[in-house]
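# Observations on chain architecture
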Amino acid sequence: MSRLPGGPGTVVGDLGLDLDAGRALRVGVARALLADPAILVLDSVIDRLDPVRGAALLARLRTDRPGLTVVATGLEAARFPGVDSILRLGRAPGRGGTA
């Protein structure tokens, strides 16, 4: 965050600083952590990072924010090493969506 031209408030994306998708995601997570939340929801963030960076992000959150509850969604359970629990959602019998 400190290397961004405007710090945490730097506009990122189409109208601002051009970052690759991985960096933009990391900036988003960093901005969320600045608010010191009790719960952090990572909706498909881990799936969008390469496996090494995704695992590193989760490990860093565990060590740097030990009281933080992280709820992360993703498609591959293997991309969530060391988590406390995994809830798998599947198709409900006779329905088109997930249960």
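Structure: above.
Residues numbered from 1 in each chain as written. Predicted model: local features only at pLDDT ≥ 70, side-chain atom pairs only at ≥ 80, totals over all residues. Heavy atoms only, no water.

## Remarks on the overall build of the protein chain
For the record, the criterion: In this description a helix means any DSSP run of H or I spanning at least four residues, a strand means any run of E spanning at least two, and both kinds are numbered starting from the N terminus. Residue burial is assigned from relative accessible area. The probe radius is 1.4 Å, only protein chains are included, and a residue is buried under 20% of its type maximum, exposed over 50%, and partly exposed in between. Only heavy atoms enter the contact rule, under which two residues are in contact if any of them lie within 4.5 Å. Per-residue accessibility takes into account occlusion by the displayed protein chains alone, with areas from the Shrake-Rupley method and a 1.4 Å probe.
Within the protein chain, the regular secondary structure consists of three helices and two strands. N-terminal to C-terminal, the α/β element order of the protein chain is α-β-α-α-β. Within the protein chain, buried positions represent 21% of all 99 residues. Of the contacts made within the protein chain by residues no fewer than 6 positions apart, 46% connect residues no fewer than 24 positions apart. Just so you have it, the protein chain exposes about 7,200 Å², and 54% of that area is on carbon and sulfur atoms.

## Concerning helix H1 (residues 21-34)
Every α-helix carries 3.6 residues per turn, so stepping three or four residues along brings you back to the same face. Put simply, the rule reads: To estimate how far a helix should reach, multiply one less than its number of residues by 1.5 Å.
Helix length check: H1, at 14 residues, gives a terminal C-alpha distance of 20 Å against a target of 20 Å (1.5 Å per residue), a fit within 8%. All of the buried residues in H1 are Gly22, Leu25, Val27, Val29 and Leu33. Against the buried residues of H1 lie strand E1 (39-43), helix H2 (45-48) and helix H3 (51-64).

## Remarks on the nonpolar core
One broad rule of soluble globular proteins: the nonpolar side chains tend to lie buried together. Note the following rule: Here the nonpolar core consists of buried residues drawn from Ala, Val, Leu, Ile, Met, Phe, Trp, Tyr and Cys, with membership extended through side-chain atoms lying within 4.5 Å.
Within the largest apolar cluster, 13 residues are counted, with the highest numbers of intra-cluster contacts made by Val29, Leu40, Leu42, Val45, Leu57 and Leu61. Put simply, the parts of the chain that give this core at least two residues each are H1, E1, H2 and H3. Excluding residues that lie within four positions of it along the chain, valine 29 makes contacts with Leu40, Leu42, Val45 and Leu57.

## Some remarks on the environment of phenylalanine 80
Note on placement: phenylalanine 80 falls in the segment after strand E2 (69-73). Considered as a pair, phenylalanine 80 and glycine 54 are 26 residues apart in the sequence and their alpha carbons are 7.9 Å apart.

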